Amino acid sequence: MATRAKKRRSAKPKRLTKKDLNAMYRNMLRIRRFEEKTDEFFMAGRVKGAVHVSIGQEACSVGVCTALEDEDAILTTHRGHGHSIAKGTRMPEMMAELLGKSTGLCKARGGSMHIADISKGHYGAHSIVGANMPMATGMGLAYQLEGSGRVAVVFFGDGASNQGSFHESMNLCAIWKLPVIFFCENNHYAVSYHVERSTAVKDISVRAQGYDSPGVTVDGMDVVAVYEATAEAVRRAREGGGPSLIEAKTYRFFGHSRGDPQFGPYRTKEEVDEWRKRDPLTIAADMLKLTEAQKKAHLKAVDKELNDAIDFAEGSPEATLESALEDVYA
Amino acid sequence: MPVLTKDNHEEQDRHGGLGQAQRPVPATVNNSMIGMSSPTRGSGKKPELERNEMREITFVDALTEAHHEEMERDERVIVMGEDVELAYVFGVTKGLAEKFGRDRVRDTPISELGIVGAGVGAAMAGYRPIVEIMFMDFIMLAMDPLINQAAKLRYMLGGQLSVPLVVRTPGGGGVQYGPTHSQCLEAWFMQIPGIKVAAPSDPADAKGLMCAAIRDDNPVLMVEHKMLYKMKGAVPEGEHVTPFGQAAVKREGGDITLIGVGYQVHNCLAAADELAEEGISAEVVDPRTLAPLDTETLAESVRKTNRCIIVEEGHLRSGVGSEISAAVQEEAFDYLDAPIGRVAALDAPIPFEPRLEDFVLPNTANVVDAAKKALGVSV
């Protein structure tokens, strides 16, 4: 599109510095604390509707978004708070959305499952499982046509990889060489249905072979591993190489949604405990050799930001009834 | 999907892609359509057909012209669909790939969910995609991106973006394609806030509504009846945009209002001719867009004639006519001298065999009978 400045971004992935890794730890902690507070608010009846927290999956959100520029796009899922925060979504307006306030990102119409902040390249949480992949394809097509070098990343789960939309989108992106990255957070469960029962292949990444595209499986609890895989996929996409599929093996420490206990009929406490030993924050803290004092400093800064966001949300007016009829049409 | 084989495609109309045994458009229909005066009476706007020099072109050519003009005007307009580069099935996209290149006009795999979803995504990113769905029946494969995404995104994301997407698709029967290639599903989409629905009945409206749809910042579904593609009609030279939400009076009359949707406007016009022979003056009104629906112009006609028949090709139950009937009686109840009548496809799938298909689809005689019943004239 000639009206937009044609800009070729550097395709070379940056090498992570200790400062970068510190920022990544901080971002994961921001997600963790936001989710803990969201859960607390939900249990207290202050956050209404459906809430799916992403505790345990923070390395996926942060690893991916660290490899992106502000202008790049993400599209996420019903479990999208982490991706939102990692992409730079404004936390006060996000908390206001969860509390159903007029200042919410979606003006209290979307709620937890539809967070978006277009100004930050966050093109929405899309709560129909798999629906975001065709949209990411179209965004990739737009970026290719405008020659901007931007990429679109679409997050989805193991469950969504069995939707037709995944396969149709992978094929379209592959035949047109679109700058789209399919990032599958394989947290092993589609609600209660284990991936080994739902999915014919052991590693979802092998499905990329059916679309003549690279597919890789990474440790979704290791933020650096996620970053490196994403950076390589971004490089390829910016250079016109087309789509990539990244599968991150990860785990949600909480239930599917707040109606679902941490363990119950479909998974055991032992299984949850085993995964918790590989907490992505602990892994990153160990990599950084963070002292207790340093961790406390991080926590203090994060909680300050979070409390400010809560203050903003709580101080915001309720959405008016009239606003329920606005923005139906442009 | 019927396939044009090498053996048979020569004798079929390449641009029509229709079988031999299609139902003929009544001769009177074309005559009634051309040079109608004041086609937009009731809208408060100047009659469009008097503004510019007119020429006769087909419905398909009118749509093609709209694409060419809008793609020239706005480089964000792109076209995607199955076999659109060669315009191989109904011909609407002919010449576009050659003129605008295969970046902007691209064939897609048979992947309706994927391509409509990609249209939504490209629209989110600032383009103005037009996605062709080869038969309206196939749109069911893309209901999620249309209904759950395109229609809701602007609202759901707090007005942060808009989705200027056009999905065009041929609907309707009369060509012996059977239950899965003959449906008129406009009523489904009329029900959904956030999407607009247009159903033009003649070449001038086809061009005007198509241009308006492309310029619209909202998702629009354009339903093009297959039987109309080869129909000729007067279309103004030059820029011609028909605003959404303005019904058109296609024939003036005083005794009864016949509201026709899409191709059924022509059954209404043919019925009006027959009724005229018996001294009955029927007014034919075409809503042109179903969402938004210009209930005021429809009700205004009924307040004049006091009787109303609604003719559509979707099924009777919960059809377009159900909605229009409710709206008209709400606005003109005191003026009605008879119950509002509805003529529609019978509540069965559309069968393939010509006699059976004719039986299920509405025809001119059905409209005449319904009108006479409303007028208390023996049928």
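Along every chain, residues carry numbers that run from 1 in the direction the sequence is written. Written order determines the labels here, with chains lettered from A and ligands numbered from 1. Owing to the predicted nature of the model, reporting of local features is limited to residues with pLDDT of at least 70; listing and counting of side-chain atom pairs is limited to 80 or more, with chain, interface and lining totals taken over all residues. Values shown for side chains rest on all heavy atoms present in the structure; no hydrogens or waters enter the calculation.

**Let's talk about the nonpolar core**
Here is the rule we go by: Side-chain atoms within 4.5 Å link the members of a nonpolar core, which is a set of buried Ala, Val, Leu, Ile, Met, Phe, Trp, Tyr and Cys residues. Here the term buried applies to any residue with accessible area under 20% of the maximum for its type, exposed to any over 50%, and partly exposed to those in between, with areas from a 1.4 Å probe on protein chains only. In this text, helices come from DSSP runs of H or I with a minimum length of four residues, and strands from runs of E with a minimum of two, each type numbered from the N-terminal end. Each domain span listed reflects an automatic or database assignment of domains. Contacts are assigned to residue pairs with any non-hydrogen atoms lying within 4.5 Å of each other.
Counting residues in hydrophobic clusters, the biggest one holds 197 residues, and the most contacted among them are Met-95 and Phe-182 of chain A together with Phe-189 of chain B. Of the residues forming this core, the biggest block, nine residues, is contributed by helix α8 (residues 223-238) of chain A. Counting contributing residues, this core receives three or more from each of domain 1 (27-236) and domain 2 (248-375) of chain B. When residues no more than four places from it in sequence are discounted, the contact partners of Phe-189 of chain B are Met-136, Ile-139, Met-143, Leu-146, Ile-147, Ile-195, Val-197 and Leu-221 of chain B. The next biggest cluster of nonpolar side chains, apart from the first, holds 20 residues, and it includes Ile-256, Leu-269, Leu-275 and Ile-280 of chain B.

**Focus: the environment of Leu-258 of chain B**
Residues and elements named next belong to chain B. Mapped onto the elements of the fold, Leu-258 is located in strand β10 (residues 256-260). You can call Leu-258 buried: its relative accessible area is 0%. Put simply, Leu-258 and Phe-359 are 101 residues apart on the chain and 21 Å apart in space, counted from C-alpha to C-alpha. Every residue in contact with Leu-258, bar those within four places of it in the chain, is listed here: Cys-268, Ala-271, Ala-272, Leu-275, Ala-282, Glu-283, Val-284, Val-285, Ile-309, Val-367 and Ala-371.

**Points about the pattern of salt bridges**
Note the threshold: By convention in these notes, a salt bridge is any Lys or Arg side-chain nitrogen within 4 Å of a carboxyl oxygen on Asp or Glu.
Summed over all chains, the structure comprises 48 salt bridges over all chains. For Arg-30 of chain A, the salt bridge is made with Glu-305 of chain A, and the minimal N-O distance between the two is 2.8 Å. Of this pair, Arg-30 of chain A sits in helix α1 (residues 18-43) while Glu-305 of chain A sits in helix α11 (residues 292-315), placing them 275 residues apart in sequence. Judged by its relative accessible area of 13%, Arg-30 of chain A falls in the buried class. Taking the shortest distance from any N to any O, the salt bridge between Glu-224 of chain B and Arg-168 of chain B comes out at 2.7 Å. On the criterion of sequence distance, the pair formed by Glu-224 of chain B in strand β7 (residues 220-225) and Arg-168 of chain B in strand β5 (residues 166-171) is long-range, its members being 56 residues apart. The pair Glu-224 of chain B / Arg-168 of chain B is uniform in exposure class, with both members buried. Because the salt bridges share partners, they merge into one network encompassing Lys-107, Arg-109, Glu-326 and Asp-327 of chain A together with Arg-154 of chain B.

**Re the sheet that holds strand β9 (residues 248-251) of chain B**
Residues and elements named next belong to chain B. What counts, and what does not: Strands qualify as paired when DSSP identifies two bridges or more between them. Between N-to-C directions, angles cover 0 to 180 degrees, with each direction set by a line fitted to C-alpha atoms, over the stretch in contact for helices.
Pairing is mixed across the open sheet formed by five strands, whose spatial order is β9-β11-β10-β13-β14. With one partner strand each, in any of the chains shown, β9 and β14 (341-345) form the two edges of the open sheet. Within this sheet the neighbouring strands show an average axis-to-axis angle of 25 degrees, counted without direction. Inspection of the sheet shows β10 paired to strand β11 (residues 282-286) by four bridges, in the parallel sense. Residue pairing for β11: Thr-257 is matched across the bridge by Glu-283. Helix α11 (residues 320-332) contacts β10, β13 (308-315) and β14 of the sheet and is inclined by roughly 155 degrees relative to β13.

**Concerning the interface of chain A and chain B**
Note the threshold: By convention, the term buried area covers the 1.4 Å-probe accessible surface removed from two parts as they join, with the contributions of both added. N or O atoms within 3.5 Å of each other form a polar contact, as long as, within protein, one can give a hydrogen and the other can take it, and as long as residues adjacent in sequence are counted only when both atoms are side-chain atoms. Basically, the charged four are Asp, Glu, Lys and Arg, the nonpolar ten are Ala, Val, Leu, Ile, Met, Phe, Trp, Tyr, Cys and Pro, and anything else, Gly included, counts as polar.
Between chain A and chain B, the contact holds 42 residues from the first and 43 residues from the second. Interface area for chain A against chain B, summed over the two sides, is near 3,300 Å², with a carbon-plus-sulfur share of 65%. Summed over the shared surface of chain A and chain B, the number is one salt bridge. Remark: the boundary between chain A and chain B carries 15 residue pairs in polar contact (both at pLDDT 80 or more). A per-class count over the side of chain A that touches chain B returns 24 nonpolar, ten polar and eight charged.

**Focus on the packing of α1 of chain A against helix α10 (residues 280-288) of chain A**
Residues and elements named next belong to chain A. For the record, the criterion: Every angle not falling under 35 degrees, over 145, or within 65 to 115 is termed oblique; those three ranges are roughly parallel, roughly antiparallel and roughly perpendicular. Helix crossings fall into two classes, left-handed where the near helix is turned counterclockwise from the far one by less than a right angle and right-handed where it is turned clockwise.
For the pair α1 and α10, the least separation of the axes is 10 Å and the interaxial angle reads 155 degrees. Judged by the angle between their axes, α1 and α10 are roughly antiparallel. By crossing handedness, the relation of α1 to α10 is classed as left-handed. Residues Lys-18, Leu-21, Asn-22, Tyr-25, Met-28, Leu-29 and Arg-32 of α1 touch α10, and the partners they reach there are Pro-280, Leu-281, Ala-284, Ala-285, Met-287 and Leu-288. The residue inventory of the contact of α1 with α10, partitioned by class, reads ten nonpolar, one polar and two charged.

**Some remarks on unusual backbone geometry**
Residues and elements named next belong to chain B. Cis rather than trans, the peptide bond between Ala-291 and Pro-292 has omega equal to 0 degrees. By secondary structure assignment, the location of Pro-292 is in the loop between β12 (289-291) and α10 (295-305). For Ala-87, which is not glycine, the phi dihedral falls at a positive 50 degrees. Considering the arrangement of structural elements, one finds Ala-87 in the loop between β2 (77-81) and α3 (96-100).

**So, the confidence of the model for chain B**
Note the following rule: Looking at any residue, its pLDDT shows the predictor's confidence there, from 0 to 100.
For chain B, the average pLDDT comes to 89, and 87% of its residues sit at 70 or higher. The low-confidence segment residues 1-49 of chain B (pLDDT under 50) makes 110 contacts with residues lying over four places distant or belonging to another chain.

**Digging into the packing of helix α2 (residues 59-73) of chain B against helix α8 (residues 203-215) of chain B**
All names here are of chain B. As a packed pair, α2 and α8 sit with axes 8 Å apart at the nearest point and diverge in direction by 30 degrees. Of the possible angle classes, the one that applies to α2 and α8 is roughly parallel. Here α2 and α8 pass one another in a crossing that is right-handed. Side by side, α2 and α8 meet where Phe-59, Ala-62, Leu-63, Glu-65, Ala-66, His-67, Glu-69, Glu-70 and Arg-73 of the first sit next to Pro-203, Ala-206, Lys-207, Met-210, Cys-211, Ile-214 and Arg-215 of the second. When grouped by side-chain class, the residues that make up the contact of α2 with α8 number nine nonpolar, one polar and six charged.

**Quick look at α11 of chain B**
An α-helical turn contains 3.6 residues, so a residue and the one three or four places further along point in the same direction. Residues and elements named next belong to chain B. Condition: Given a helix with a known number of residues, its expected span is that number minus one, times 1.5 Å.
For α11, which comprises 13 residues, the first-to-last C-alpha distance of 18 Å matches the rise-based estimate of 18 Å (1.5 Å per residue) to within 8%. Listed as buried for α11 are Val-320, Gly-321, Ile-324, Ser-325, Ala-327, Val-328 and Ala-332. If you follow the buried residues of α11, they end up packed against α7 (186-190), β10, β12, α10, β13 and β14.

**A closer look at the pairing of strand β7 (residues 215-219) of chain A**
All names here are of chain A. Heads up, the condition is: The handedness rule is simple: strands pointing away from the viewer, and a clockwise path from the first strand over the helix to the second, make the crossover right-handed.
With five bridges joining them, β7 and strand β8 (residues 244-249) adopt parallel strand pairing. Bridge pairing in β8 places Thr-217 opposite Glu-247. Where the polypeptide runs from β7 across α8 and back to β8, its parallel neighbour, the crossover connection is right-handed.

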